[in-house]
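As a plain string of letters, each chain reads:
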Amino acid sequence: MKISIIGGTGYVGLTTAACLAFKGHTVYSVGRNIEKINKINNGIATVYEECLSDILRSAISKGLLFATEDHQKALMNSSIIFICVGTPSKEDGSIDLSQIKTASEQIGESLKKKKDYCVIVVKSTVVPGTTEEFVIPLIEEKSKKEAGVDFGVCMNPEFLREGSAVKDFLYPKEQGIVIGELDKRSGDSLFKIYEDFDAKILRTTLRGAEMIKYARNSYLAKDISFANEIANLCRKLGVDYNEVKIGMEMDSRIGRGRFLNAGIGFGGSCFPKDVKALIAKAKSVGVELGVLERTLLVNEIQPLLMINMLKEFFKPIKGHKIAVLGLAFKKGTDDMRESRSIPIIRALQKEEALIYAFDPQATARSKEIFGDEIYYALTAEEALANAEACLIVTDWPQFSNPKLYNHMKGRIIIDGRRILDPENLSSSFVYRAIGFPE
Ligand code: UGA
């Protein structure tokens, strides 16, 4: 099949493009940033993501993937057009649809001249009703054609986790595939792309698919905040939350693999944004989502608990050298969006600490936020060698090696991700962690 991806140079778009080309389709990755387009055409991924560069290079060498600015040409040649543009948060938490608007208008303009039937697939995360009430009317207005007659429409949410996005796309057995369809013909066309994937496929309405995406992310975010509140209580009561977690998971109704790891909260481009957007959408129709409002509040408080723990040792923190291990919002990515490292570093700066940060991938992106306001070490050892205390902020596996901390100048470790086992540290260390008894 010939497929266009609008927003094809971004994280979800490029992953979708490279994976569909890997499956043998001819894919046009449509973007606006010429620098990114050139990079992709040279086989260089624009984001750090495991395996993405490999499948990208292979697709390009087989002539199956083209990054381009020319949306007209790409869209005219495609029978399926994915919209993968960003839907960032606005001030009030609702989503900003400006990129969706531009993409829909571009599609409408192209459809005006296009003779063959094609299907537009919204993959961007949009609140329920957006495809029907916003995308379709814009395309119809610009193209003077009718959805369900001249062209098809689907909503196909993405369930990609950063760090394992390529695997999640190609092997979606654990996540399943959701196809929201305007009508059977639209759904049948998109189904052809996924029919040989080893996964359950749910076919539903456009609104149903939009809601499933928000319900899933909100559910997981709510679990994390629940885990964090229980862990905070455990710490005060002298109970190790990690044992409580194991005990909870023994109940098959709670189960393993749930998002019950306690720590400094959730970041990234999805959970914070999606929970806020769902709350805002619910408010607009007079519904209060109290559980999710609390979910966000707990998430604001969690990172600052690390600073409170630090204050037990330094009164004041001013002038003390603190290592921050990890800047990315989680391991396996260079993404800094909503990373919990941001409020932590801002709080340390307010306290006038001397900050030595290290992240194996996210230094460049962190510099976009903090500039040269903090010191970036080239290795974890270098950050630690300077530091009187260390804050573990991201769960990179290399930070779980207890020997690493022998490089520390000081002995205070505050573990925001529970990746160290204090039993493996020498007794000279002082270990503090969320959910670990005081
Ligand atoms: C999340 C979902 O897991 C994906 O299914 C979804 O497709 C994606 O959002 C999206 O909407 O595109 P992602 O944001 O990449 O994926 O990362 P997660 O692995 O879900 O982690 C999110 C945050 O929660 C991280 O900051 C992580 O450290 C934190 N987390 C996760 C916890 O604090 N505790 C946990 O038990 C799990």
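Reading the values: rules and limits
Residues numbered from 1 in each chain as written. Predicted model: local features only at pLDDT ≥ 70, side-chain atom pairs only at ≥ 80, totals over all residues. Heavy atoms only, no water. Polar contact = N/O pair within 3.5 Å; in protein donor to acceptor, adjacent residues only side chain to side chain. Helix = DSSP H or I, 4+ residues; strand = E, 2+ residues; numbered from the N terminus. Pairing = 2+ DSSP bridges. Phe/Tyr/Trp six-rings, centres within 6.5 Å; stacked < 30°, edge-to-face > 60°. Buried < 20%, exposed > 50% of the residue type's maximum accessible area, 1.4 Å probe, protein only. Lys NZ or Arg CZ within 6 Å of the ring centre and 35° of its normal. Core = buried A, V, L, I, M, F, W, Y, C linked by side-chain atoms within 4.5 Å. Contact = heavy atoms within 4.5 Å. Lys, Arg positive; Asp, Glu negative; His and termini not counted. Salt bridge = Lys/Arg side-chain N within 4 Å of Asp/Glu carboxyl O.

Engineer: How should I be thinking about helix α2 (residues 34-41) in this particular structure?
Structural biologist: Within an α-helix, residues lying three or four positions from one another point in the same direction, as the helix has 3.6 residues per turn. One side-chain oxygen of the residue at the start of α2 lies 2.9 Å from the amide nitrogen of E35, identifying that residue as N33. Positive backbone phi, at 80 degrees, marks G43, one or two positions downstream of α2.

Engineer: Can you walk me through the sheet that holds strand β9 (residues 321-325) in this structure?
Structural biologist: To summarise the sheet geometry, strands pair through backbone hydrogen bonds and adopt either a parallel or an antiparallel arrangement. Taken together, the 6 strands give an open sheet; going across it, the order is β11-β10-β9-β12-β13-β14, and neighbouring strands pair in parallel fashion. Two strands bound the open sheet, and with one partner strand each, they are β11 (375-376) and β14 (430-433). One ladder, built from 2 bridges, connects strand β10 (residues 354-358) with β11; its direction is parallel. Residue A357 lies in a different strand from β11, and its bridge partner there is Y376.

Engineer: Looking at this structure, how should I read the packing of aromatic side chains?
Structural biologist: The geometry of an aromatic ring pair is captured by the separation of the ring centres together with the interplanar angle, meaning the angle of the planes. Scanning the model with the defined rule gives 8 aromatic pairs in all. The interplanar angle of 75 degrees and the centroid separation of 5.4 Å between the aromatic rings of Y194 and F197 together place this pair among those described as edge-to-face. Note on accessibility: Y194 and F197 belong to one class, buried. Taking 6.3 Å as the distance between ring centres and 70 degrees as the angle between the ring planes, the aromatic pair formed by F358 and F399 counts as edge-to-face. With a gap of 41 residues between them, F358 in strand β10 and F399 in the loop between β12 (389-392) and β13 (412-415) connect regions that are remote in the sequence. In this pair, the class of F358 matches that of F399, namely buried. By way of ring pairs, the aromatic residues F169, Y194 and F197 are connected into one cluster. Here the basic side chain of K222 rests over the ring of Y219, its NZ or CZ set 3.7 Å away from the ring centre.

Engineer: Would you mind going over the nonpolar core with me for this structure?
Structural biologist: Nonpolar side chains in soluble globular proteins generally cluster together in the buried interior. In terms of nonpolar packing, the biggest core is built from 58 residues, with L325, L348 and Y405 touching the most fellow members. Setting aside residues no more than four positions away along its own chain, Y405 makes contact with L325, L384, C390, I392, F399, R411, I413, L420, L425 and F429. Counting 41 residues, the second largest nonpolar core, distinct from the first, contains V12, C19, V47 and Y194.

Engineer: Can you walk me through the side chain of R417 in this structure?
Structural biologist: Along the chain, R417 falls in the loop between β13 and β14. The buried charged residue R417 lacks any salt bridge, with D395 as its nearest oppositely charged partner at 5.3 Å. A distance of 2.9 Å separates a polar side-chain atom of R417 from the backbone oxygen of V393. Those residues in contact with R417 that lie beyond four places of it in its chain are I264, G265, F329, R340, I392, V393, T394 and D395.

Engineer: What is the right way to look at unusual backbone geometry in this model?
Structural biologist: Of the consecutive residues K315 and P316, the connecting peptide bond is found in the cis state with omega at 5 degrees. Within the secondary structure layout, P316 lies in the loop between α12 (290-311) and β9. The phi angle at R418 is positive, at roughly 50 degrees, despite the residue not being glycine. Tracing the sequence through the fold places R418 in the loop between β13 and β14. For R418, a relative accessible area of 14% corresponds to the buried category.

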